Amino acid sequence: MTRRDFLIAGGLFLTGFLPLGFSGPVLRPPGARRDFLARCIRCGQCIEACPYDTLRAMDITSGGMAHSPYIDPLRTPCYLCQQRGPDGIDRPISEFLRCGEVCPTGAIRKIKNTKDVLANVPEDMKIGISVLNRDLCLAWQYDSCGECYYNCPLKDRALRDFPPDMIFSESTGIRPWVDPRHCIGCGMCNYVCPVKEHVASEVMERSHKLSLFEARYAAMVRNLVGRAGPGVKLPAIRVTVRP
Ligand code: SF4
Ligand code: SF4
Ligand code: SF4
């Protein structure tokens, strides 16, 4: 028995003593079927195959979901098996998304790795859908940022620089708009958005060290989050689980 087999066996044994009531929203890999949990045998092959270490195994406190793969976009988004070159152009690093390619049970379906396919996958194969809160968005409120738009791997399809119902003006900066028909829920926008808890609280508490990227936006983030009041959900653009 390998070390991994031992850990999996131990984890499955322990889950028998834990409540199976974990009900938080869970983002699954792209292509995960509706009956994903019934099909997933917790082999970890998708986790090992992901070139970006995006996929993580749920821990034993998740009960019956223990050791199944999930995505936490605040830590590592899904890069859709693309690599961005110095010219700013994304290129596929494999013919199919790797997590679905290696899944031995079909719990994650194979998806051809082209932008046309990825921007048009059926609803039941998406990771989730991104939702943007304009009141918290630096672009909508201060004509700044735009990081989500520039970093979206499905830029100009899933995330556009202007809503379709808005009249474009040369003097106005970008106004990010998510097209739910094309967003696959990769979480890149969620990951890069600087309107985050620690950025707002750092400026208020001065207890954390911010990156240069975060420091650039920190004052504006503090203003927006302070204005929104307690309990507001951050970041300004968030991936929610598919319906
Ligand atoms: S699509 Fe690629 S980057 Fe995304 S989770 Fe699967 S293997 Fe990782
Ligand atoms: S989740 Fe965000 S970054 Fe990913 S496709 Fe949707 S809009 Fe683009
Ligand atoms: S990254 Fe966040 S703050 Fe910046 S434009 Fe996108 S939603 Fe707005």
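Thresholds, definitions, all that
- Residues numbered from 1 in each chain as written.
- Chains lettered and ligands numbered in written order.
- Predicted model: local features only at pLDDT ≥ 70, side-chain atom pairs only at ≥ 80, totals over all residues.
- Heavy atoms only, no water.
- Core = buried A, V, L, I, M, F, W, Y, C linked by side-chain atoms within 4.5 Å.
- Buried < 20%, exposed > 50% of the residue type's maximum accessible area, 1.4 Å probe, protein only.
- Helix = DSSP H or I, 4+ residues; strand = E, 2+ residues; numbered from the N terminus.
- Domains from an automatic or database assignment.
- Phe/Tyr/Trp six-rings, centres within 6.5 Å; stacked < 30°, edge-to-face > 60°.
- Expected span 1.5 Å × (residues − 1).
- Bend = angle between axes of the 7 residues up to and from the residue.
- Near = heavy atom within 4 Å.
- Nonpolar A, V, L, I, M, F, W, Y, C, P; charged D, E, K, R; others polar.
- 1 Å grid on protein atoms, 1.4 Å probe; cavity = no way out; pocket = protein on both sides within 12 Å on 5 of 7 lines; lining within 4 Å.
- Points joined across faces, edges and corners; volume = space filled by probe spheres on them.

Visitor: Would you take a moment to explain the nonpolar core for this structure?
Guide: Within soluble globular proteins, side chains that are nonpolar tend to cluster in buried spots. Ranked by size, the top nonpolar core spans 53 residues in total, and within it Leu 154, Val 195 and Val 221 carry the most contacts. Of all the secondary structure elements, the ones that give two or more residues to this core are α6 (138-142), α8 (188-192), α9 (197-205), α10 (212-228) and β8 (237-241). Top contributing element to this core by residue count: α10, with five residues. Lining this core are residues from two domains, each supplying at least three of them: domain 1 (3-125) and domain 2 (128-241).

Visitor: It is not clear to me how the packing of aromatic side chains should be interpreted in this structure. Could you clarify?
Guide: Aromatic rings in a pair are described by how distant their centres are and how their planes are angled relative to each other. Considering all chains together, one arrives at three aromatic pairs under this definition. Between Tyr 149 and Tyr 150, the aromatic rings sit 5.2 Å apart at their centres with planes inclined by 65 degrees, giving edge-to-face as the arrangement. On the numbers, 5.5 Å between centres and 80 degrees between planes, the contact of Phe 213 with Tyr 217 is edge-to-face. Taken as a pair, Phe 213 and Tyr 217 lie in helix α10 at a separation of four residues, close to a single helical turn.

Visitor: Mind showing me how you'd approach α10 here?
Guide: The periodicity of an α-helix, 3.6 residues per turn, causes residues three or four positions apart to be oriented the same way. Taking 1.5 Å per residue, 17 residues should reach 24 Å; α10 reaches 24 Å between its end C-alpha atoms and fits that length. Helix geometry: α10 is bent most strongly at Ala 218, by close to 50 degrees. All of the buried residues along α10 are Glu 214, Tyr 217, Ala 218, Val 221, Leu 224 and Val 225. Following α10 by one or two positions, Gly 229 has its phi on the positive side, about 85 degrees.

Visitor: Sorry, what's going on with the site of ligand 3 here?
Guide: Surveying the vicinity of ligand 3 reveals 14 residues, the closest of which are Cys 137, Leu 138, Cys 145, Cys 148 and Cys 193. At the level of secondary structure, the elements contributing two or more residues to the shell around ligand 3 comprise α6 and α7 (147-151). When its residues are assigned to classes, the shell around ligand 3 shows twelve nonpolar, one polar and one charged.

Visitor: Mind showing me how you'd approach the site of ligand 2 here?
Guide: Close to ligand 2 lie Ser 130, Cys 152, Pro 153, Ala 158, Leu 159, Cys 183, Ile 184, Gly 185, Cys 186, Gly 187, Met 188 and Cys 189, which account for all nearby residues. Taken together, the residues of the shell around ligand 2 break down into nine nonpolar, three polar and no charged.

Visitor: Any chance you could explain the layout of surface pockets here in plain terms?
Guide: Leftover empty space is mapped by rolling, across the atoms, a probe with the size of a water molecule. Of the voids in this model, the largest pocket is the one considered here, and its volume is about 330 Å³. Every residue lining the largest pocket is counted, 17 residues in all, and those nearest its centre are Pro 25, Leu 27, Asp 72, Pro 73 and Val 239. Among the secondary structure elements, those contributing two or more residues to the lining of the largest pocket are β2 (69-71) and β8. Ranked by the residues each element gives to the lining of the largest pocket, the list is headed by β8, at four residues. The residue inventory of the lining of the largest pocket, partitioned by class, reads 13 nonpolar, two polar and two charged. Reported here for the second largest pocket is a volume of approximately 260 Å³. Val 26, Arg 28, Arg 33, Arg 34 and Arg 242 are, among the 13 residues lining the second largest pocket, the residues nearest its centre. In the lining of the second largest pocket, the residues fall into eight nonpolar, no polar and five charged.

Visitor: Where do I start with unusual backbone geometry in this structure?
Guide: It is generally the case that most residues other than glycine have a negative phi and that most peptide bonds are trans. Of note, the amide linkage connecting Leu 234 to Pro 235 takes the cis form, showing an omega dihedral of 0 degrees. The backbone of Arg 42 sits at a positive phi, close to 60 degrees, despite the residue not being glycine. You can see Arg 42 is positioned in the loop between α2 (36-39) and α3 (45-49). We note that Cys 145 has phi near 65 degrees; this positive angle belongs to a residue other than glycine. By the element assignment, Cys 145 lies in the loop between α6 and α7. By relative accessible area, Cys 145 is classed as partly exposed at 23%.

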